[in-house]
Amino acid sequence: MAEPDRSERLQIPSPQALIPGLYVHVPFCSSICNYCNFNRGLFEEGLKTRFVAALLQEIHTKKGSDPLFDKKGSDPFFDTLYFGGGTPSLLKPIEIKAIIDECRDLLGLTPGAEVTLEANPETVTAATLEQFREVGVNRLSFGVQSFRDEELQRLGRLHSAERAVQAVEMARAAGFDNVSIDLMMWLPGQDVAQWLTSVVDAIRVDADHLSLYILEVYAHLPLKQEIDRHGWTQQPDDVAAEMYESAMAMLDGAGYEQYEISNVCRPGRESRHNLKYWTDGDWLGFGPGAHSTWRGVRWRNMASTEEYIHKLGSGESVVAERRSLPSDERLGDALFTGLRLNRGVDINILSARYGIDIWSRFGDRLAPFVDAGILLRQDGRLRLTRPGMLLGNEVMSVFV
Ligand code: SF4
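Small disclaimer: the values here were computed from a predicted structure and weren't measured.

J.: With reference to specific residues and values, describe the site of the ligand.
T.: The environment of the ligand is made up of Cys29, Ser31, Ile32, Cys33, Tyr35, Cys36, Phe38, Gly86, Thr87, Asn120 and Arg157. The residue inventory of the shell around the ligand, partitioned by class, reads 6 nonpolar, 4 polar and 1 charged.

J.: Could you give me a rundown of the packing of helix α12 (residues 327–338) against helix α14 (residues 358–371), with the residues and numbers involved?
T.: One can describe the packing of α12 onto α14 by two numbers: an axis separation of 13 Å at closest approach and a directional angle of 60°. As for how α12 packs across α14, the hand of that crossing is right-handed. Along its contact with α12, which presents Asp328, Leu331 and Leu335, the element α14 presents Ile358, Arg361 and Phe362. By residue class, the composition of the contact of α12 with α14 is 4 nonpolar, no polar and 2 charged.

J.: Please give an account of the pairing of strand β13 (residues 297–301) that cites residues and values.
T.: Alternating positions in β13 separate cleanly, Val297, Trp299 and Asn301 being buried on one face and Arg298 and Arg300 remaining unburied on the opposite face. Bridge analysis of strand β12 (residues 291–294) against β13 gives 4 bridges, and the strand direction is antiparallel. Residue pairing across strands places Ser292 opposite Trp299, the latter belonging to β13. Connecting β12 to the antiparallel partner β13 that follows it, the hairpin turn spans 2 residues, and Arg295 within it adopts a positive phi of roughly 45°. Alignment of β13 against strand β14 (residues 319–324), held across 5 bridges, turns out to be antiparallel. In the strand pairing of β14, Arg298 is matched with Arg323.

J.: Residues and numbers for the packing of aromatic side chains, please.
T.: How two aromatic rings sit relative to each other is set out by the distance from centre to centre and by the angle between their planes. A complete count under the given rule lists 8 aromatic pairs for this structure. The interplanar angle of 85° and the centroid separation of 6.1 Å between the aromatic rings of Phe28 and Phe43 together place this pair among those described as edge-to-face. Residue Phe28 is located in strand β2 (residues 28–29), and its partner Phe43 is located in the loop between β3 (41–42) and α2 (45–65); the two are separated by 15 residues in the primary sequence. With a relative accessible area of 28%, Phe43 lands in the partly exposed category. Geometrically, the ring pair formed by Phe362 and Phe399 is edge-to-face, given 4.9 Å between the ring centres and 85° between the ring planes. You can see Phe362 sitting in helix α14 and its partner Phe399 sitting in the segment after α16 (392–396), a full 37 residues away along the chain. Neither residue differs from the other here; Phe362 and Phe399 are each classed as buried. A network of ring pairs unites the aromatic residues Phe28, Phe43, Phe51 and Tyr308 as a single cluster. We note Arg266 situated over the ring of Tyr256; from NZ or CZ to the ring centre the distance is 3.9 Å.

Scoring rules and cut-offs
- Residues numbered from 1 in each chain as written.
- Predicted model: local features only at pLDDT ≥ 70, side-chain atom pairs only at ≥ 80, totals over all residues.
- Heavy atoms only, no water.
- Near = heavy atom within 4 Å.
- Nonpolar A, V, L, I, M, F, W, Y, C, P; charged D, E, K, R; others polar.
- Axes fitted to C-alpha atoms, helices over the stretch in contact; angles between N-to-C directions.
- Helix = DSSP H or I, 4+ residues; strand = E, 2+ residues; numbered from the N terminus.
- Left-handed = near helix turned anticlockwise from the far one by under 90°.
- Contact = heavy atoms within 4.5 Å.
- Buried < 20%, exposed > 50% of the residue type's maximum accessible area, 1.4 Å probe, protein only.
- Pairing = 2+ DSSP bridges.
- Phe/Tyr/Trp six-rings, centres within 6.5 Å; stacked < 30°, edge-to-face > 60°.
- Lys NZ or Arg CZ within 6 Å of the ring centre and 35° of its normal.

As structure tokens, this is what we get:
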């Protein structure tokens, strides 16, 4: 049972211009990459089949019992659906179809919605890509990470650089005109020139959208031991900054627009779904470990796939934690995430939405960043400069 809509009590309207999104978490991978800190497990056909049935049940239950959907004629609707993971492309097109249909028929996924499928290059064929497109997927996000085989092997990835190029070409042949690629920089043993060869290759395959992440090496994950065993080194921090800045400059030159700290795209190819996370939007998440944020209430599902399936089978809730967000925290999140965007945040709109004067509240602590050229305060907006994006965490820590 969801908590009452706290936004009414707080008198905080949700952003009217923003239509909410849907997220589906698919927690399976063919093998586990040595750096991976996501909620995932090894693919098993039987478990996957039971998971899909449970997921459809969760969507059904949400429609049937959640107060979000119980007012006739005023049900919410959604304009994005994002399959994340794990490796969602391990599901069969017919399974993806069943989930899309359920979202459309029960939850109100709009015609023309952006439907993204995360895919690993080695999992797709020309035929499955055509089928994914036929069942309603219209955006692909390939987990490429690198176009250098040596780096891919170090990360424990299953695909080669050549396979990644083929996957994008097959996607084009299947009719996809919105293809994103994830790349990771600051890999063990990687120098600036090697990193930039991957950026060049991503431009060469003409990705519509690129997400550039800095690898985080967690002490508890196998990559850390492998780095120690093989004596691989990561470049110093200032070289990581050079990797970031030189890649962004190269992408500028190739006609891409940076719209978020880690994301660039061809004009009009921003991730509509991810923009909801950065613009104080709402979304519903389904699947093990999925998070949701809805009008000031945030909840997350239990992470274990077996437990998730079991609970749904016995008619119990799969929500592990749910809490109402105090308005201060909502405002802090809106500023924190909004500053990730190149366009930054409109402090007049947020001040009105949350009923406080943002500059009066935070100005003392933000002014030094403005003086240092890290943060711009212009035309009622606050935004990070590109050099400031490398120091974004320091600025954002003002809000948390
Ligand atoms: S494919 Fe992605 S989710 Fe799966 S193990 Fe590798 S990094 Fe983790």
